[in-house]
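Each chain, written out:
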Amino acid sequence: MTDTNIESILHENRSFPPPQDFAAKARITPAELAALATEAQRDNVGFWTRLAREELSWHTKFKQALDDSQAPNYRWFADGILNASYNCLDVHLAANGDKPAIIFEGEPGDSHTLTYRQLTVEVCRFANALKAQGIEPGDRVVIYMPMVPEAIIAMQACARIGATHSVVFGGFSANSLRDRINDASARMVITADGGWRGGKSVELKAAVDAALADSGRSVEKVIVFKRTGEPVAMREGRDLWWSDAVKGQRDRCEPAWVGAEHPLFLLYTSGSTGKPKGIQHSTAGYLLSTKLSSQWVFDLRDDDVFWCTADIGWVTGHSYVCYGPLAAGATIVMYEGAPMYPDGGRFWKICEKLGVTIFYTAPTALRALMKLGNELPAKYDLSKLRLLGSVGEPINPEAWIWYHTVIGKQRCPIVDTWWQTETGAIMASPIPGVTATKPGSCTNPIPGIDMAIVDDEGHVISNPDQGGWLVVRKPWPGMLRTIWGDNARYLSNYWARFGNRYYVAGDTAHQDQDGYFWCLGRADDVLKVSGHRLGTMEIESAFVAHPHVAETAVVSRLHEIKGESIFAFVVCRGTRPTGADADRLAAELREFVGKELGAIAKPDDIRFADNLPKTRSGKIMRRLLRAIARDEEITEDISTLENPAIVEQLRGRT
Ligand code: PRX
């Protein structure tokens with residue numbers, strides 16, 4: 001399944017030692033990294049226990065470190081009591097209250113800064129506003145916001161009062177929003193009139209209204225932040241403006257002291273089956289993993305300006321915009337809009353303007369920017385940059401080398417960080433002052449993480465030519481705790497394959513002769529479109545909701561910029577459309593699926609067929625379809641197909 005990937009990766013032999021200048025000042029030296037690794041190997045639980053005591057501020061100290069009595073529903077530091085927002089804000093006030101916490105850049109060019117003290121005041125006022133609206137510890141609050149500081153304020157305010165937030169990416173459609181609100185039984189939605197993206201306003205409030213129109217019995221209140229000033233409908237008794245909600249609220253708010261295992265947030269993500277799953281994260285373990293990884297991987301120093309470009313609607317925006325860097329007391333940059341607005345130099349312009357020192361983005365963005373050439377980055381002063389990061393999908397060596405030379409001027413180490421919504425924090429990555437990097441490899445697990453590659457029987461693979469399942473063999477503090485409302489799915493998705501012994505990531509990978517990990521992609525039906533995670537089943541369900549569609553199979557093909565793009569084979573009710581009819585219906589279906597799920601799920605290719613290739617037992621032959629979509633040679637035995645002639649039609653030749 002992964003042979004071709006392994007082939008191509010085996011040819012990548014370049015290795016880049018950390019630049020000396022960087023290594024000389026790095027937070028973690030080779031000796032320190034070795035000491036951390038040895039400590040973790042000797043006593044993994046003891047290692048995390050020590051760090052949890054040192055790195056987190058506890059209201060009541062924990063006595064119990066790892067509780068594995070309900071494994072694989074692990075619990076960490078469970079009898080300890082703390083508050084996440086206190087650990088991100090209050091702990092910095094005495095020494096660093098006037099340090100910038102968030103430097104915001106709006107798409108139209110407006111910009112402002114919030115110090116830790118100012119951010120704390122805003123969070124407290126909004127937390128008091130939430131309480132005034134009746135939100136209590138344990139309530140779920142959905143956040144559907146543009147990338148403005150108020151999104152972070154809303155998340156931190158929920159954390160402060162012990163409410164569990166569930167952020168929904170602003171690019172998701174009203175339908176997707178509705179499903180997530182319902183699954184979480186949210187009592188409140190926090191949104192904005194809209195946000196600026198690509199020079200246009202994205203109408204968030206209108207989507208909330210649509211989502212709540214035919215459901216949303218659980219939602220009692222909607223708080224609306226005014227960002228664009230475009231007119232929106234406000235429903236009497238349900239909707240109120242952010243500015244009215246905080247009016248008269250005190251600027252202090254005693255944190256709700258919650259247990260270490262209290263659910264800090266849910267974040268919905270796609271799996272192999274239709275329904276997105278609400279990944280549930282804890283308070284203490286999550287915060288510990290995100291704080292430590294921010295410090296170790298990003299080498300954070302007091303004067304750094306850290307910019308993670310991820311939207312807060314994804315896990316990267318939770319862990320490396322909202323929680324990790326703030327827990328570490330860093331200054332972060334937050335940008336509202338599109339990377340290409342008004343042109344493809346915007347990222348580099350922001351780096352120059354705000355003096356960004358650490359830049360963390362996704363390969364899909366790098367590929368799109370690389371395509372525009374070297375003139376745009378050359379226009380800006382990028383000399384403050386000292387460290388670059390990549391996340392979300394494998395980075396192809398060509399993009400890596402461009403990042404290294406054109407953006408990093410061969411001065412900045414690149415940290416290629418492998419992790420998932422479920423892992424909460426970075427699991428494998430170079431440590432920038434220590435690890436020699438290889439383009440396309442996330443190198444090694446960070447201290448405390450026990451990753452391995454195993455075969456179908458669960459045996460560890462040591463042969464560097466052989467790919468296998470990426471697993472984690474020991475629990476770690478930042479791991480997901482369950483799937484909201486569906487623990488059975490948690491157990492079967494992540495643990496059942498190897499009898500609860502290992503956490504199964506769902507990725508395939510291999511280790512080279514130096515022990516470096518190379519992630520090869522997903523082993524299941526999860527697609528990565530522009531680094532965004534989508535399930536084939538989700539997209540297929542959206543298709544079949546259209547009255548003309550009888551059946552569909554969605555696969556991915558490789559795409560120069562998006563990494564993967566969506567390719568749908570569609571069987572219509574009635575006769576198969578051809579010519580202009582087919583074009584018309586394909587355009588209609590693209591819009592339809594976009595409306596059902598959000599623009600990111602719009603298929604690039606739609607091909608109509610009389611039927612789909614199935615095995616005798618009725619299973620759709622996805623590998624065959626993927627080979628067709630990618631114009632690859634067909635290696636499957638197609639003699640067992642009901643109708644072998646269909647292959648020519650699926651290839652678009654008849
Ligand atoms: O396949 C891996 C890929 O992204 C998946 C997780 O997606 P998501 O939960 O959306 O989280 C993305 C941000 C952490 C993984 O199963 N992936 C993530 N980072 C990398 C990667 N693949 C290769 N290299 C990476 N650095």
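Residues numbered from 1 in each chain as written. Predicted model: local features only at pLDDT ≥ 70, side-chain atom pairs only at ≥ 80, totals over all residues. Heavy atoms only, no water.

1. Remarks on the overall build of the protein
This is how it is decided: Only DSSP runs of H or I with at least four residues qualify as helices, and only runs of E with at least two residues qualify as strands; both kinds are numbered from the N terminus onward. Both definitions apply: the radius of gyration is a C-alpha atom measure, and the globule rule equals 2.2 Å times residues to the power 0.38. Accessible area is worked out with a 1.4 Å probe on protein chains only. A residue is then buried under 20% of its type maximum, exposed over 50%, and partly exposed in between. Working rule for contacts: check all heavy atoms of both residues, and any pair within 4.5 Å makes them a contact.
Scanning the protein from terminus to terminus reveals 21 helices and 30 strands. Taken against the 2.2 N^0.38 rule, which gives 26 Å for 654 residues, the C-alpha radius of gyration of the protein at 24 Å falls within 12% of a compact globule. Its C-alpha atoms give the protein principal-axis dimensions of roughly 75 × 65 × 60 Å. Across the 654 residues in the protein, those meeting the buried criterion constitute 59%. Within the protein, counting contacts between residues at least 6 apart in sequence, those at least 24 apart form 71% of the total.

2. What to know about the pattern of salt bridges
Applicable threshold: The working definition used for a salt bridge is a side-chain nitrogen of Lys or Arg within 4 Å of a carboxyl oxygen of Asp or Glu.
Tallying each qualifying case throughout the model produces 40 salt bridges. Among the ionic pairs, R178 bridges to D179, the shortest N-O distance being 3.3 Å. Here D179 falls in the partly exposed class, since its relative accessible area comes to 40%. In this structure, D512 and K438 form a salt bridge, with 2.8 Å as the shortest nitrogen-oxygen distance.

3. Quick notes on the pairing of strand β11 (residues 221–225)
We apply this condition: The rule for pairing is simple: two strands pair if DSSP sees at least two bridges between them.
Of all five residues that make up β11, four are buried, and the element is covered over most of its length. Two elements, strand β8 (residues 188–192) and β11, share five bridges in a ladder whose sense is parallel. The partner of M188 across the bridge, within β11, is K221. Where β11 meets strand β12 (residues 239–241), three bridges bridge the pair, whose relative direction is parallel. Bridge pairing links V222 to D239 in β12.

4. Quick look at the packing of aromatic side chains
Aromatic ring pairs: the centre-centre distance and the angle between the two ring planes describe each pair. Note the cut-off: A pair of Phe, Tyr and Trp rings is counted when the ring centres sit within 6.5 Å of each other, with Trp represented by its six-membered ring. The angle between the planes then sorts it: under 30 degrees is stacked, over 60 is edge-to-face, the rest tilted.
Under the definition given, this model contains 38 aromatic pairs. Plain terms: the ring middles of W307 and Y335 are 6.3 Å apart, the flat faces sit at 90° to each other, and that makes the pair edge-to-face. With W307 in strand β16 (residues 305–308) and Y335 in strand β17 (residues 331–335), the pair connects residues that are 28 residues apart, well separated along the chain. Here the two residues W307 and Y335 agree in accessibility, since each one is buried. Ring pairs connect the aromatic residues Y74, W476, Y490, Y494, W495 and Y503, which therefore count as one cluster.

5. So, the sheet that holds strand β7 (residues 164–167)
Heads up, the rule is: Every angle, taken between N-to-C directions, lies between 0 and 180 degrees, and every axis is a line fitted to C-alpha atoms, over only the stretch in contact when it is a helix.
Read across the sheet, eight strands follow the order β12-β11-β8-β6-β7-β14-β15-β23 without closing on themselves; strand pairing throughout is mixed. Of all the strands in the sheet, the pair left with one neighbour each is β12 and β23 (482–483). With two bridges connecting them, strand β15 (residues 277–281) and β23 associate as antiparallel partners. In the sheet register, I279 faces β23, and the bridge partner there is I483. Strands β6 (140–144), β8, β11 and β12 of the sheet are contacted by helix α9 (residues 204–213), whose axis makes an angle of about 150° with β8.

6. A closer look at the sheet that holds strand β24 (residues 503–511)
With antiparallel pairing, four strands are arranged side by side in an open sheet as β21-β22-β24-β25. Sheet topology places β21 (451–454) and β25 (517–522) at the edges, where each strand pairs with a single neighbour. Here the average twist between neighbouring strands, direction ignored, is 45°.

7. Observations regarding empty space enclosed by the protein
Cut-off, in case you're wondering: Only protein atoms enter the 1 Å grid used here, on which a cavity is any set of points holding a 1.4 Å probe that cannot leave and a pocket is any open set flanked by protein within 12 Å on both sides along at least five of seven lines; residues with an atom within 4 Å of a point are listed as lining. Grid points are joined across faces, edges and corners, and a volume is the space filled by probe spheres set on the points. For this classification, the nonpolar set comprises Ala, Val, Leu, Ile, Met, Phe, Trp, Tyr, Cys and Pro, the charged set comprises Asp, Glu, Lys and Arg, and every other residue, Gly included, is treated as polar.
Under the counting rule described, the total for this entry stands at three cavities of 30 Å³ or more. Roughly 50 Å³ of internal volume is contained in the largest cavity. In terms of lining, the largest cavity is formed by W48, L288, S289, L292, S293, W296, A425, I426, M427, I446, I449 and W476. Looking at the lining of the largest cavity element by element, the count peaks at five residues for helix α11 (residues 284–298). In the lining of the largest cavity, the residues fall into 10 nonpolar, two polar and no charged.

8. Structural notes on the layout of surface pockets
Of the volumes computed, that of the second largest pocket is approximately 420 Å³. Forming the walls of the second largest pocket are 19 residues, and the residues nearest its centre are S173, A174, G594, K595 and G598. Within the residue set of the lining of the second largest pocket, elements represented by two or more residues are α8 (174–184), α9 and α19 (579–597). When residues in the lining of the second largest pocket are grouped by element, the largest group, five residues, is from α19. A breakdown of the residues in the lining of the second largest pocket according to their chemical character gives eight nonpolar, six polar and five charged.

9. Some thoughts on the side chain of R180
The line we're drawing: For the purpose of charge, His is not counted, nor are the chain termini; Lys and Arg are scored as positive and Asp and Glu as negative.
Locating R180 in the fold gives a position in helix α8. Of the side chains with opposite charge, E538 comes closest to the buried, unpaired R180, at an N-O distance of 4.3 Å.

10. Things to note about the packing of helix α5 (residues 84–96) against helix α7 (residues 149–161)
Contact geometry for α5 and α7: axes closest at 7 Å, N-to-C directions at 115°. On α7, the residues touching A84, S85, Y86, C88, L89 and D90 of α5 are Q156, A159 and R160. Along the lines of polarity and charge, the residues of the contact of α5 with α7 split into five nonpolar, two polar and two charged.

11. Comments concerning the confidence of the model for the protein
The predicted structure's coordinates, where accompanied by low pLDDT, should not be read in detail. The line we're drawing: How sure the predictor is of each residue is captured by pLDDT, a score from 0 to 100.
Per-residue confidence for the protein gives a mean pLDDT of 95; residues scoring 70 or more make up 98%. By mean pLDDT, helix α1 (residues 3–10) is the weakest element of the protein at 55, and α7 is the strongest at 99.

12. Things to note about α19
Filter applied, for reference: Every helix has an expected span of 1.5 Å times one less than the residues it contains.
Look at α19: 27 Å from first C-alpha to last across 19 residues, which is about the 27 Å you get at 1.5 Å a residue. Among all positions in α19, only A582, L585, A586, L589, V593, G594 and L597 are buried. Among the structural elements, α8, α18 (536–544), β28 (549–559), β29 (563–572) and β30 (605–608) are those in contact with the buried residues of α19. A positive backbone phi angle near 125° is found at G598, which sits one or two residues after α19.

13. As for the site of the ligand
As a reminder of what qualifies: We call a residue near a molecule or strand when any one of its heavy atoms sits within 4 Å of it. Polar contact is defined as a pair of N or O atoms within 3.5 Å, subject to the rule that within protein one atom must be able to donate a hydrogen and the other to accept it, and that residues adjacent in sequence are counted only when both atoms are side-chain atoms. Methods summary: accessible areas were calculated by the Shrake-Rupley approach with a probe of 1.4 Å, and residue burial reflects only the protein chains presented.
Every one of the 17 residues lining the ligand counts as a neighbour, but D416, T417, T421, D507 and R533 are closest to it. Residue T417 places a main-chain N or O atom 2.7 Å away from a nitrogen atom belonging to the ligand. With respect to the ligand, the side chain of D507 contributes an N or O atom lying 2.7 Å from an oxygen atom. In the complex, the protein chains occlude 95% of the 550 Å² of accessible area that the ligand would expose alone. Class assignment for the residues of the shell around the ligand results in six nonpolar, five polar and six charged.

14. Focus: helix α14 (residues 363–371)
Burial analysis of α14 places eight of its nine residues in the buried class, the great majority of the element. Taken as a whole, α14 has its buried residues at P363, T364, A365, L366, R367, A368, L369 and M370. For α14, the elements touching its buried residues are α13 (346–354), β18 (358–361), β19 (387–391), α16 (397–407) and β29. Taken from the residues just after α14, G373 is the one with a positive phi, measuring 95°.

15. Comments concerning the side chain of N44
Structurally, N44 can be placed in helix α4 (residues 44–55). Among the polar contacts listed, one links the side chain of N44 to the backbone oxygen of G448, at a separation of 3.2 Å. Residues in contact with N44, not counting those within four places in the same chain, are G448, K474 and P475.

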